Amino acid sequence: MKHRLRQLFSFILKPLESGKVGPSYKDSHRTVLKLVGVLFLVLATVSIGALVYTGKVGALIPALVFLGVGGTCLVVGALGSDVAVSKMWGNR
């Protein structure tokens, strides 16, 4: 199952998985990345709720941005290698 999901999201994972693991990488970074992804998905849900409640199309932009960032964080946190997680955090 994980292999199929990695193939499905390869357009996100491939650019992030080239290189080496950064020197400051910790296992907790993956957990925090997943948590940040969930928080962004909650923000996306609130934005979509505001879009439905108000009917204003302006709420669509934050909903799409939050959905994209949250989804990317969850994909990299759940399916990505240590290199991908390290690149999401920065290699400093």
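Provided above is the structure to which this section pertains.
Residues numbered from 1 in each chain as written. Predicted model: local features only at pLDDT ≥ 70, side-chain atom pairs only at ≥ 80, totals over all residues. Heavy atoms only, no water.

### As for the packing of aromatic side chains
Aromatic ring pairs: the centre-centre distance and the angle between the two ring planes describe each pair. This model, assessed by the stated rule, comprises one aromatic pair. Seen in terms of ring centroids, Phe40 and Phe66 are 5.8 Å apart; in terms of plane orientation they differ by 45°. Their pairing is tilted. Placement of Phe40 in helix α3 (residues 28-54) and of Phe66 in helix α4 (residues 60-79) is noted, with a sequence separation of 26 residues between them. On the basis of relative accessible area, Phe66 is assigned to the partly exposed category, the value being 23%. (Phe/Tyr/Trp six-rings, centres within 6.5 Å; stacked < 30°, edge-to-face > 60°. Helix = DSSP H or I, 4+ residues; strand = E, 2+ residues; numbered from the N terminus. Buried < 20%, exposed > 50% of the residue type's maximum accessible area, 1.4 Å probe, protein only.)

### Some remarks on a nonpolar patch on the surface
A cluster of nonpolar side chains, namely Val32, Val36, Met88 and Trp89, defines an oily patch on the protein surface of about 310 Å² accessible area. Within the residue set of the nonpolar patch, elements represented by two or more residues are α3 and α5 (82-89). Among the structural elements, Met88 can be located in helix α5. (Patch = residues over 30% accessible without salt bridge, like charges linked within 9 Å, V, L, I, M, F, W, Y side chains within 5 Å. Areas by Shrake-Rupley, 256 points an atom, 1.4 Å probe, with all protein chains shown as cover. Salt bridge = Lys/Arg side-chain N within 4 Å of Asp/Glu carboxyl O.)

### Some details on the pattern of salt bridges
In this structure the tally under the stated criterion is two salt bridges. The partner of Glu17 in a salt bridge is Arg6, with the nearest N and O atoms 3.0 Å apart. In this pair, Glu17 sits in the loop between α2 (10-16) and α3 while Arg6 sits in helix α1 (residues 2-8), placing the two residues 11 residues apart along the sequence. Its relative accessible area of 23% is what places Glu17 among the partly exposed residues. For Arg6, a relative accessible area of 27% corresponds to the partly exposed category.

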